[in-house]
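Structural characterization, general
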Amino acid sequence: MTIKHQDSQPDSNLSIPAENERADRSFDAIADHFEKKVYGGLKGEIRLAVLRRDIFEYSAQMSEALGRPLRILDVGAGLAQIAIELAAQGHSVVINDISANMLEKAKASAEKVDKKLDITWYVCPYQALEEKLAQTETEKFDLIMSHALLEWLAEPAAVMDFFDKHLIDGGALSVCFYNPASFDYRNLIMGNFNLLDNTNYKADNKKSLTPNHPVAKEEVESWLKAHDYQTVRSSGLRVFHDYAPLKRGGHNDPDAVIRMELRYSQLEPYKWLGRYLHILAKR
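Let me sum up the structure you'll find in this document. What you are looking at is a predicted structure, and each value in this text was computed from that prediction instead of being measured. (Residues numbered from 1 in each chain as written. Predicted model: local features only at pLDDT ≥ 70, side-chain atom pairs only at ≥ 80, totals over all residues. Heavy atoms only, no water.)

**Let's talk about unusual backbone geometry**
The omega angle of the peptide bond from E268 to P269 is -10 degrees, so this bond is cis rather than trans. Locating P269 in the fold gives a position in the loop between α10 (254–264) and β8 (276–282). Positioned with a positive phi, R238 is a non-glycine residue whose angle comes to about 65 degrees. Tracing the chain through its elements places R238 in the loop between β7 (230–237) and α10. (Helix = DSSP H or I, 4+ residues; strand = E, 2+ residues; numbered from the N terminus.)

So this is what it looks like as structure tokens:
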């Protein structure tokens, strides 16, 4: 594996928030818990299967049209599975996250790939990434990915300006985000009416991976429209798996579950029930 540049220390220029003040979330302290909870089972396999299908098909078409490997940026990459696989396909990839521990896990995965990878790593909040990119040869990218980041930002709409600055004209933006409608629907199914009636409910985000400030599909779509992006494809991630408290029949066959999740992930109205939503948009 080739690492062109490695910035191993996170920036410390962010002020410590007051108790009730929102701040960008880092999973540095619970990286092991994140890895096990999000990707330790079938939920993670479904998530990656949908993202692979959506992104790999489109990136292959882009690369063929441009006649070269793509320049790809993964913002808030976490474990960076998709980005590492794109690097293994021959693309030049920049991987960023605010958490040093998360990127250490990602680097360990990249080192297991038996290919020469063109990966640059930056540990910093995305707001500090702009200055770092200005010092390199690559400030513009063909594809920018931002997966499970919006719901953990203090000011999620502000990241759109960052995307605009670093995406080429005609480039693609891949945003995957927690679907707040799925929270209501799942708790309706589970009978957690008291939780839904509690307007002051907040998850314990010391360990919980349920965001307290998710952004709705309509809000993200309004940002994309305002910034002149056109949706190419949209998918739901885990459109039924999480809603089945009684596992029976095909639910006991992981391959069958993934097959059906892939089938319904792009079909109306099922895709809008996904626990996460993925939108691929062209600038």
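Moving on from the model shown.
**Considering the environment of A100**
Mapped onto the elements, A100 comes out in helix α4 (residues 100–111). Placed 22 residues apart in sequence, A100 and Y122 show a C-alpha to C-alpha distance of 9.0 Å.

**Side note on a nonpolar patch on the surface**
On the surface, Y185, L188, I189, M190, F193 and L273 cluster together to form a nonpolar patch covering roughly 530 Å² of accessible area. The biggest single contributor to the nonpolar patch is helix α7 (residues 180–190), with 4 residues. (Patch = residues over 30% accessible without salt bridge, like charges linked within 9 Å, V, L, I, M, F, W, Y side chains within 5 Å. Areas by Shrake-Rupley, 256 points an atom, 1.4 Å probe, with all protein chains shown as cover. Salt bridge = Lys/Arg side-chain N within 4 Å of Asp/Glu carboxyl O.)

**Some words on helix α9 (residues 217–226)**
Of the residues making up α9, those classed as buried are K217, V220, W223 and L224. The buried residues of α9 all sit within an arc of 125 degrees when viewed along its axis, so they share a single face. When the buried face of α9 is taken as reference, the exposed residues oriented beyond 90 degrees from it are E218, K225 and A226. After α9 finishes, the residue D228 shows a positive phi value of roughly 65 degrees. (Buried < 20%, exposed > 50% of the residue type's maximum accessible area, 1.4 Å probe, protein only. Arc of directions from axis to C-beta.)

**Concerning α4**
In an α-helix, one turn spans 3.6 residues, which is why side chains three or four residues apart end up on the same side. In this model α4 runs 16 Å from its N-terminal to its C-terminal C-alpha over 12 residues, within 8% of the 16 Å that 1.5 Å per residue would give. Three or more residues of α4 are buried, namely A100, M102, L103, K105, A106, K107 and A110. In this structure S99 caps α4, since a side-chain oxygen of it lies 3.4 Å from the backbone nitrogen of N101. (Expected span 1.5 Å × (residues − 1). Polar contact = N/O pair within 3.5 Å; in protein donor to acceptor, adjacent residues only side chain to side chain.)

**Observations regarding the pairing of strand β3 (residues 92–97)**
Successive side chains on a regular strand alternate, one facing one side of the sheet and the next facing the other. With 5 of 6 residues buried, β3 is to be regarded as a mostly interior element. The parallel pair strand β2 (residues 71–74) and β3 is bridged by helix α3 (residues 81–88), and the resulting crossover is right-handed. In the sheet, β3 pairs with strand β4 (residues 118–123) via 5 bridges, with the strands oriented parallel. Of the residues in β4, the one forming a bridge with D97 is V123. (Right-handed = clockwise from strand over helix to strand, strands pointing away. Pairing = 2+ DSSP bridges.)

**A closer look at the pattern of salt bridges**
Within the structure shown, the criterion is met by 11 salt bridges. In this structure, the salt-bridge partner of K107 is E104, at a minimum N-O distance of 3.5 Å. Of the two residues, K107 and E104 both sit in helix α4, 3 residues apart, roughly one turn of that helix. Exposure remark for E104: the relative accessible area of 43% places this residue in the partly exposed category. The shortest N-O distance in the salt bridge between E218 and K217 comes to 3.6 Å. When its relative accessible area of 17% is taken as the criterion, K217 is described as buried.

**Here's the deal with the pairing of β2**
Relative to β3, β2 runs parallel, the two being bridged by 4 bridges. Within β3, the position partnered with I72 by the bridge is V93. Pairing between β2 and strand β5 (residues 141–147): 3 bridges, direction parallel. Within the sheet, the bridge partner assigned to D74 lies in β5 and is M145.

**A closer look at the packing of helix α5 (residues 126–134) against helix α6 (residues 159–166)**
Running from N to C, α5 and α6 cross one another at 20 degrees; their axes reach a closest spacing of 10 Å. When the interaxial angle is binned, α5 and α6 end up roughly parallel. Between α5 and α6 lies a crossing of left-handed hand. Contacts between α5 and α6 pair Y126, L129, E130 and L133 from the former with V159, F162, K165 and H166 from the latter. (Axes fitted to C-alpha atoms, helices over the stretch in contact; angles between N-to-C directions. Parallel < 35°, antiparallel > 145°, perpendicular 65-115°, else oblique. Left-handed = near helix turned anticlockwise from the far one by under 90°. Contact = heavy atoms within 4.5 Å.)

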